[in-house]
Each structure stands twice: as C-alpha cells, then as structure tokens.
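Listed here are the chains, written in short residue letters.
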Amino acid sequence: MTAGTDGGARAGVLRIGNASGFYGDRFEAVREMLTGGPLDVLTGDYLAELTMLILGRDRLKDPRLGYAKTFLRQLEEGLGLAHDRGVKIVANAGGLNPAGLADAVRELADRVGVPVAVAHVEGDAVPVPEGALTANAYLGGAGIAGCLRAGADVVVTGRVTDAALVTGPASARFGWGADDFDQFAGAVVAGHVLECGTQATGGNYAFFADLGHGHDVRRPGFPIAEIHADGSSVITKHDGTGGVVDVGTVTAQLLYETGGARYAGPDVTARLDSVRLDQAGPDRVRISGVRGEAPPPTLKTGVTRIGGWRNEVVFVLTGLDIEAKAALVRGQLEDALGRAKRRPAEVRWELARTDRPDADTEETASALLRLVVRDSDPDAVGRALSGAAVELALGSYPGFHVTAPPGKGAPYGVFEAAYVDASEVAHTAVLPDGRREAVPAPARTRVLEPVPQPQLPEPLPPGPVRRVPLGRVAGARSGDKGGSANVGVWARTDDAWRWLAHALTTDRLRELLPETRGLAVTREVLPNLRALNFVVEGLLGEGVAAQHRFDPQAKGLGEWLRSRHIDVPESVLDGRPSGGDPLGPGPADGR
C-alpha cells in the first residue's frame, strides 16, 4: 500500500478512523469509512471483556479459532479498497489467536489478489490461573508501531488497550520517544474518543433530541481523529455522514468507562483533568492541553472463567392485585425449590411495575416478576426450576403465563481484573517478514496515585428553585468496569456547572439511585469538562457476563439518574442552551 491518499500525513496530520466499537458493530462500516473520504489509518475495536469469554469458548471447540471472524468477512471487500486508497488497517480482532488471524488475512489476500504485508502483535496471553478460561494483559501501542515501521499494511493484535490502536500508528508516524508523555497522552484521549465508534458522533447521546434539528441521527457516521505531532487532535467524521461531532458528544465519550483523573495505560498515564475541548467548526472538536505522566509499572490483566450455571423465568402479572399475585407465585416457587434435591445457591426475585391503571392494552396492564437462579451444578438450575415453574400453570395466580418457557439453564461467565509486572509480559511484534521484535517494558514508570480534588467553582447565589429531572440541565453516560459501574455527568453551561458541582455529591447520588446505597461510591471532579465522574463499586456483581443485574453493563444507569427529580435553580433552567427540552414539555418536569 502507498501513503495516505489525502496527503494528510505528509502535511503533518495523521487521519485515523474507526470502523468498529465492538464485536457485532455495523458490518458495512469498513466499506463506508474507506469510501467516504480521506484516511491514513482505519482501526477496529472488537474486544470487550465479554468478548474474550466468547472467544475462549470458541477456541475450546476449535483451537484454530479465537479471533473475530466478522473482521475477515469485512476484509473481503475492505482489503482491496484500503490498498487502492493507501490506508493502513489496525485492529485488535485477533483476540486470543492473533497469529491465526494474520494467517487467515494472508490467505484472504492471496484469494482476492490484493498484495498486502500482514503483521501481528502477540504476548498478551499470560499464565491462566487455575479454573480460569482466559488471561490476557492489556498491551500498549509499541508493538503496533513496530509492525507499521516495518512496512505492514495490516496489523492485527490480541488484547491491547483500545487506545493502543491510535497510539501505535501515531507514534510510528511522528517518531515519538517513550518519554514523550504529553504526546502519547493526547493520542490516548483521542483513542478513547474513537474506541466506541458512533458514541462519539451522537450515538447513545443524552441530548439526542436536540441533535434532530438539522442532523440525521438515525445512522451516525463513524469518528475520525486528525492527530498532530504534538499529540493534539481534532475529532471529526466524513462529510455527508449522519450524526454530529460537538463538544457534548465528545465529552460524553470521554466520560465513558473511566475512573479517576489519572487514566492509566501501558503507554502513558493521561491526565483527564487537563483535557480541553473546543468547537473548531461544524463537526470538528479540538482536543488539546492533555498532560501525560509515566505509565504504572504493572499491566491490567483480564481473567475470564465460567462462573457456574444460570436460569431465569419471567412471570407476567396482569391487572389487579399485582403485589398479591407476585407474593403467591413467589411463595409457590420457593416451596418447590426448597423441596428439590438441591436448592440453587443463589435465588433472586425482582418485580418490575411496568403496569398502568386502567390500561388500554393488555401489555401496559402487566407487570413482570423476574426470577434468576445460579449454581455451580447445572441440574440445580435446570429441571428443578423449569419443572416447578411449568407445573404451576393451572394452579397459581389468575392470568398465569410467562414470557418464554424456562429452559435447561446456561453457563455464565465472570470477568476479573488482575495486575502483572510489565516486565513479565512478552510483548512481541511479529513483522511482515516473520521476524520477531521484542517490545521492552517502559524504562520509566510511576505508581498510580489519586489526584488531589480541585477547587470547586463558586456556588450560585441563593434563589428560587424548580423540581425537575436532573436531565434538564445535565447529560450523563454510564458503563461497566468489571463488577463496578461508572456514571459521568456533565453540565452544558457554566452556571449549570456551578450548581452541579455542589449539588451532586456522593450522598445525593445514593439518594437518587437507591441501588447504590451500601456500596462504595467515589466522585472525581473534572472542571475543564464541567463534569463529575462517579464509580460505584460492586453494582454489577461479577461483571457483565454474570448477568447479575437487570442492566448488566449499567448502560442505562446514567439515564435513570437523569430522570430523577431534583431542585434546580430557576436561573440555571432559564439559561440552559437552546434547542429544545430533551425530555419534552409537560408535567414530567414540574411545569
């Protein structure tokens, strides 16, 4: 492949686009990104915590697997398009078998007649603890950079950090040294914005209703980062694609799945409290001022294992006496499980009052009672549960039925985070000619420490308040961090920030989200972003694969918070940005 077709890299700007935020993202995105406008590098993020478990189970069935098969199908057309346009492809689709995927890409290239140099990065696999299925360290971008410097057109990796897909190409292009921490930190922040695809261009955005004015939000385009040699960047998208890139959409993605102000990675620790965002034009947001520090001496390692067996039944309760009906069937099932050979180790009930009085459809007259059981023995969650539930069909509450017949149960997974010394990981770049290039551990490291809390803004003067949903004045985005959840909340105006910084304490968060009571909650203040970031420890149990909670990845946690009512100064409400009320007019906001 030749240099980028737009001359961007030659002009001192490296244009890196993203075409995948997870394994299963929009299939056509590779073609759309390669044909939609100029690019130098196209990345794809295919690996989530749950994905490693899925790939681990795939590899148990066939040792030749363990990588994201969708990526190969996308390259059937994408290889030729990238070759014609001089675009490098970098993806972590290798999963547990990057060497196998690299071989498969070479076979595909021969079959479609596209001459490409393929390299891969390995060494993330670490000794698997007893009883675990996979164990992989999160590598940085140095191996990717080595492959690109050696002339690779396609680089596939195993478990690297999401941001490594950007730090690798950027450091290869600009020749950054290992101690160029500010430059690397800027690239890490850009990579964090790109990693989830259309979440940076209006997808899953709290104020999506406002974007409908002049923007097509039905099919957002995928994001692009224009990286500069100093590590600063501009986030944008191809002209003519849907969605929008503005300070709000970029802020939302920056807050996604983060913890403290020190955002640690294998290349650098980026200071999120130093990030500055500026609207640089339509669909262009400049990221600047990012400071970096030496990375920690350890690498995060993701360990997955089969946690046991799980089954569930959802009972539909319709009409009157919902609570009494729930109590009846719960008592019946508890009695049946108690008489079984083995009661499941964990039995959880949850009643969702989705019913409405005097409803005009049966569905809206119904509530859902969810029973979830877990145990290390599949028999304890299989026939013992399904038989007991089915046998109640003619002898329980009036209107008895379930959303689906109970099955045999299924295995569930658990994700755990561990840490290994970076020097113990054999990070290796396998170059296009087959040579193996060892990537040394960082010479300079810094143990991660909390950042002192910054001074809060001056509070607003006292004045009249109105009880409204928090979402009237604040956006939010939430997600999972293993068994914990994060909720990032940001204000759109300075006055709203002056109020939010003082009003939304950890105690207030627990009041608004009762599920967080009794759990450790930490709050981080990010004044440059007018944002607060909360981490709720243990909310998700053993992680997404365990399906511990109704919303196992905490995707809706931020929207639940925004829907809760709180007293907001009228001066803040009157000064909110124009463009419409994201929750719409009416009694819901107290007017």
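Here we summarise the structure given alongside this text. This one's a predicted model, so the numbers in the text were calculated from it and none came from an experiment.

Across its full length, the chain holds 16 helices and 26 strands. The C-alpha radius of gyration computed for the chain amounts to 25 Å, which stays within 12% of the reference 25 Å derived for 591 residues, consistent with globular compactness. Projected onto the principal axes, the alpha-carbon positions of the chain cover approximately 70 × 65 × 45 Å. With 591 residues in all, the chain has 55% of them scored as buried. Taking contacts inside the chain between residues at least 6 apart in sequence as the whole, the part at least 24 apart equals 75%.

Strand order in the open sheet formed by 3 strands is 9-10-13, with antiparallel pairing between adjacent strands. Pairing within the sheet leaves two strands with one partner each, and these edge strands are strand 9 (262-264) and strand 13 (291-293). Ignoring strand direction, the axes of neighbouring strands in this sheet form an average angle of 30°. Bridge count for strand 10 (residues 269-271) against strand 13 is 3 bridges, and the pairing is antiparallel. Note on strand 13: the bridge partner recorded for Thr269 is Glu293. Across the sheet, helix 7 (residues 181-194) lies against strand 9, strand 10 and strand 13, angled at about 110° from strand 13, the strand it touches most.

Charged atoms that come close allow side chains of opposite charge to pair. Scanning the model with the defined rule gives 37 salt bridges in all. Asp62 is paired through a salt bridge with Arg64; the nearest N and O atoms lie 3.0 Å apart. Overall, Asp62 belongs to the buried group, its relative accessible area being 18%. Given the relative accessible area of 64%, Arg64 is considered exposed. Note that Asp103 is salt-bridged to Arg106, the shortest N-O span being 2.9 Å. Of this pair, Asp103 and Arg106 both sit in helix 4 (residues 98-112), 3 residues apart, roughly one helical turn. Judged by relative accessible area, which is 40%, Asp103 ranks as partly exposed. Residues participating in the shared-partner salt-bridge network are Arg262, Arg271, Asp273, Glu293 and Arg446.

The rules we used
Residues numbered from 1 in each chain as written. Predicted model: local features only at pLDDT ≥ 70, side-chain atom pairs only at ≥ 80, totals over all residues. Heavy atoms only, no water. Helix = DSSP H or I, 4+ residues; strand = E, 2+ residues; numbered from the N terminus. Rg over C-alpha atoms; globule rule 2.2 N^0.38 Å. Buried < 20%, exposed > 50% of the residue type's maximum accessible area, 1.4 Å probe, protein only. Contact = heavy atoms within 4.5 Å. Pairing = 2+ DSSP bridges. Axes fitted to C-alpha atoms, helices over the stretch in contact; angles between N-to-C directions. Salt bridge = Lys/Arg side-chain N within 4 Å of Asp/Glu carboxyl O.

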